[in-house]
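Structural overview for review
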Amino acid sequence: MKRFQRAFAFLLLVALVFAGAAAAEENGKLQVHFLRIGRNDGILISMNGETAFIDGGSRYHGNVAADYMEKLGVTHLNYYIGTHAHSDHVGAACSLLARIPADEILYTYSLAVDCMLDSARTAEEKRVIRETPRRTLAYGDEFTVGAATLRVMGPKAYKPRKSYKDGAENENSLILRLEYGSVSFLLCADTTNGVLKALLKEDPSLMECTVLKSPHHNVGLRSETYTYLKTDYMIFSTSSKYPPERAQINQARRAGARVLITSGDNAGTVVFTTDGEKLDYTCENEAGKWKVGKKSIKLRKGQTKSVSCDTRRMINTLSFESTDESVATVDRALCKITGVSAGECDIIVTAFDGSTRTIHVTVR
């Protein structure tokens, strides 16, 4: 009897998962999943029954990604996209595609496929890489996932390397822009700041997007590149062992971005959902019992005060906004509040999970 009850509960759960997926399709919503998958990139894009998956990490992490998708009811991909020939990105392809087949593998040039094949450990894993239809991507190429468009924004051309262990292969990383309505995601894989600098000379608006997936895991951007950045969210795909440098987090926050890290001590897996206008997100983890040092402060015009924040064991990626910058402004990175003119306003402090605390400010 208990075995029957467990089986029934499992079938009910599967039915609910599929019902949720069907509802999302009917609503015409795009979902983008940034997986907690170690110090790797693993990005699932789904809309209207169509799916694409980007990278996934090593061969081992390919199975982690497959586990995640199977729980969602994803059993097939329209596209597997390999961003460049490094095993911590496309090594996942062999184990992932052996479990969740794709209609097509999209990649940069032959070395990426060599890397996929060399990561394979079984005959089936090698077969699936050899037999799945493949297509190379070039600058300016476009394709769709549901009603969303994926466009190759860089590099302008590849510089083929002899070995997929060559660090310079990062220069060949695909830069992809995903767009649906007024919402956009810029996905930078392991691209270098040198490549971005060259692209920004021709298109200074390249870094304007709703969500930026920071290049090279926890490495981030150079200071001069941040001057071009206009985004609401910045994702660092990395693990707790390799957090972004504090300077990276602070520069992103000063640029107005809410920072989300796919590590166990921050957001974990992050899922964005959009109808092309409104963008919502959920994250795997909760911020817990965090607090601000003061619930209210008083300032004179021109005076600055710092407010401490207790974030316990999580990486501090808090964001800060003033409800009236004519009364008081706030340093988004350091929570330093400056009085501007007489009046009252609030400083809204937001953690990665969307939970908030309020600091009331009175300026005399």
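This structure is a prediction, so every number in the text was calculated from the model and none was measured.

On inspection of all chains with the given rule, the structure shows 17 salt bridges. The salt bridge partner of Arg59 is Glu125, with a shortest N-O separation of 2.9 Å. On the criterion of sequence distance, the pair formed by Arg59 in helix α2 (residues 59-72) and Glu125 in helix α6 (residues 123-131) is long-range, its members being 66 residues apart. Look at Arg59 and you get partly exposed, because its relative accessible area is 27%. Taking the shortest distance from any N to any O, the salt bridge between Lys159 and Glu171 comes out at 3.9 Å. On the criterion of sequence distance, the pair formed by Lys159 in the loop between β8 (148-154) and β9 (175-180) and Glu171 in the loop between β8 and β9 is long-range, its members being 12 residues apart. For Glu171, a relative accessible area of 27% translates into the label partly exposed. Look at the salt bridges and you will find they share partners, linking Glu142, Arg151, Arg177 and Glu179 into a network.

The next thing to look at is the nonpolar core. Of all hydrophobic cores here, the largest spans 56 residues; its most connected members are Ile45, Ile81, Phe185, Phe272 and Ile337. Sequence-distant contacts of Ile45, defined by excluding residues within four places in its chain, comprise Leu30, Gln31, Val32, Glu50, Thr51, Ala52, Ile54, Val145, Leu150 and Leu178. Core analysis: the next-biggest nonpolar cluster, separate from the first, contains 30 residues, Ala65, Met69, Leu97 and Val128 among them.

A word on α6. Residues of α6 that are buried include every one of Glu125, Val128 and Ile129, and no others. Along the axis of α6, the buried positions cluster into a sector of 95 degrees, meaning they face one direction only. Pointing more than 90 degrees away from the buried face of α6 are the exposed residues Ala123, Arg130 and Glu131. Elements that come into contact with the buried residues of α6 comprise α2, α4 (93-99), β5 (102-107), α5 (110-119) and β6 (134-136).

This next bit is on the packing of aromatic side chains. As enumerated under the stated definition, the model contains 7 aromatic pairs in all. Between Tyr233 and Phe272, the ring centres sit 5.3 Å apart and the planes meet at 70 degrees, which makes this aromatic pair edge-to-face. Placement of Tyr233 in strand β12 (residues 233-236) and of Phe272 in strand β14 (residues 270-274) is noted, with a sequence separation of 39 residues between them. The pair formed by Tyr233 and Phe272 is uniform in burial state, with each residue classed as buried. Aromatic side chains Tyr233 and Tyr281 sit 5.4 Å apart centroid to centroid with 75 degrees between the ring planes, which places their arrangement in the edge-to-face category. Of the two residues, Tyr233 sits in strand β12 while Tyr281 sits in strand β15 (residues 279-283), which places them 48 residues apart along the sequence.

Further remarks concern the side chain of Ser322. Secondary-structure assignment places Ser322 in strand β20 (residues 319-322). The exposure class assigned to Ser322 is buried, which follows from its relative accessible area of 13%. Once residues within four sequence positions are removed from consideration, Ser322 is found in contact with Ala328, Val330, Cys345, Asp346 and Ile347.

The strand order across the open sheet built from 4 strands is β17-β24-β23-β20, with neighbouring strands paired in mixed fashion. Because the sheet does not close on itself, it has two edges, and the strands there are β17 (296-299) and β20. In this sheet, neighbouring strand axes are inclined to one another by 25 degrees on average, regardless of whether the strands run parallel or antiparallel. Sheet analysis places β17 next to strand β24 (residues 356-363), joined by 4 bridges and oriented parallel. Bridge pairing in β24 places Ser296 opposite His360.

In the structure shown here, the tally under the stated rule is 0 disulfides. Of the cysteine sulfurs around Cys115, a residue in no disulfide, the closest is that of Cys94, at 9.2 Å. Free of any disulfide, Cys309 has its nearest neighbouring cysteine sulfur in Cys335, separated by 4.5 Å.

Here strand β2 (residues 42-47) lies mainly inside the structure; 6 of its 6 residues are buried. Where burial is concerned, the two faces of β2 agree: the one with Gly42, Leu44 and Ser46 and the one with Ile43, Ile45 and Met47 are both buried. As defined by bridge partners, strand β1 (residues 30-34) adjoins β2 across 4 bridges and the pair is classed as antiparallel. Looking at the pairing, Phe34 lines up with Ile43 of β2. Counted along the chain from β2 to the antiparallel partner strand β3 (residues 50-55), the turn is 2 residues long, and its residue Asn48 has a positive phi close to 50 degrees.

The rules behind the values
Residues numbered from 1 in each chain as written. Predicted model: local features only at pLDDT ≥ 70, side-chain atom pairs only at ≥ 80, totals over all residues. Heavy atoms only, no water. Salt bridge = Lys/Arg side-chain N within 4 Å of Asp/Glu carboxyl O. Helix = DSSP H or I, 4+ residues; strand = E, 2+ residues; numbered from the N terminus. Buried < 20%, exposed > 50% of the residue type's maximum accessible area, 1.4 Å probe, protein only. Core = buried A, V, L, I, M, F, W, Y, C linked by side-chain atoms within 4.5 Å. Contact = heavy atoms within 4.5 Å. Arc of directions from axis to C-beta. Phe/Tyr/Trp six-rings, centres within 6.5 Å; stacked < 30°, edge-to-face > 60°. Pairing = 2+ DSSP bridges. Axes fitted to C-alpha atoms, helices over the stretch in contact; angles between N-to-C directions. Disulfide = S-S within 2.5 Å.

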